[in-house]
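Structural overview for review
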Amino acid sequence: MRYPLGEYEKDKVISKTGKKLDDITLDEVMKNHVGPDDIKISKEMLRAQGQVARESGNEPMEKNFERAAELVDVPDDIILKMYDKLRPNRSTKAELECMARTLSEKYGAKNCAKLVLEAAEIYEKRGILL
């Protein structure tokens, strides 16, 4: 795939609900044919962007896209709680470990869970846990 996907791979760009990019127009929004979930990115598109990053030699960016793809199925309120808990001095180590288990076991977000556990270890070393 060639980047930017919306320009070079427009026919392959799909939303979380499967809508194609050309189906998401202001006219369709006004007709209530496009809702909030229709404009959310799909796992496939995030992984495709990760592939472009990998092919460009940017493996850290590829990993970011893979974690983002994992979060597509995580409810927004859980993601917001995760961001809040990952702020310094907002959580105990046990709370972060619990969050990592939830991400891994309930949502299959194993890479995100690993990142949370790594953060817990670093926060503990820096003394920025509750």
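Residues numbered from 1 in each chain as written. Predicted model: local features only at pLDDT ≥ 70, side-chain atom pairs only at ≥ 80, totals over all residues. Heavy atoms only, no water.

This paragraph deals with the overall build of the chain. A count of helices and strands for the chain gives seven helices and zero strands. If you list the helices and strands of the chain from N to C, you get α-α-α-α-α-α-α. Since a compact globule built from 130 residues should have a radius of gyration of about 14 Å, the 18 Å found for the chain marks it as more spread out than a globular shape. Summarising its shape, the C-alpha atoms of the chain cover approximately 50 × 40 × 25 Å along the three principal directions. Taking all 130 residues of the chain together, 31% fall into the buried category. Pairs at least 24 apart in sequence give 51% of the contacts found in the chain among residues at least 6 apart. If you sum the accessible surface of the chain, you get close to 8,500 Å²; carbon and sulfur atoms cover 52% of it. (Helix = DSSP H or I, 4+ residues; strand = E, 2+ residues; numbered from the N terminus. Rg over C-alpha atoms; globule rule 2.2 N^0.38 Å. Buried < 20%, exposed > 50% of the residue type's maximum accessible area, 1.4 Å probe, protein only. Contact = heavy atoms within 4.5 Å. Areas by Shrake-Rupley, 256 points an atom, 1.4 Å probe, with all protein chains shown as cover.)

Another point: the pattern of salt bridges. Following the criterion strictly, the structure yields 14 salt bridges and no others. With its nearest N and O atoms 3.2 Å apart, the salt bridge here joins K31 to D27. Between D84 and R90 there is a salt bridge, and its shortest N-O distance comes to 3.0 Å. By sharing partners, the salt bridges in this structure join D27, E28 and K31 into a single network. (Salt bridge = Lys/Arg side-chain N within 4 Å of Asp/Glu carboxyl O.)

With that out of the way, let us pick up the packing of helix α6 (residues 93–107) against helix α7 (residues 110–126). At their nearest, the axes of α6 and α7 sit 7 Å apart, and the two run at 170 degrees to each other. Here α6 is positioned roughly antiparallel relative to α7, judged by the angle of their axes. Contacts from K93, L96, E97, M99, A100, L103 and S104 of α6 reach α7 at K110, C112, A113, V116, L117, A120, E121, Y123 and E124. Here the residues of the contact of α6 with α7 are counted per class, giving ten nonpolar, one polar and five charged. (Axes fitted to C-alpha atoms, helices over the stretch in contact; angles between N-to-C directions. Parallel < 35°, antiparallel > 145°, perpendicular 65-115°, else oblique. Nonpolar A, V, L, I, M, F, W, Y, C, P; charged D, E, K, R; others polar.)

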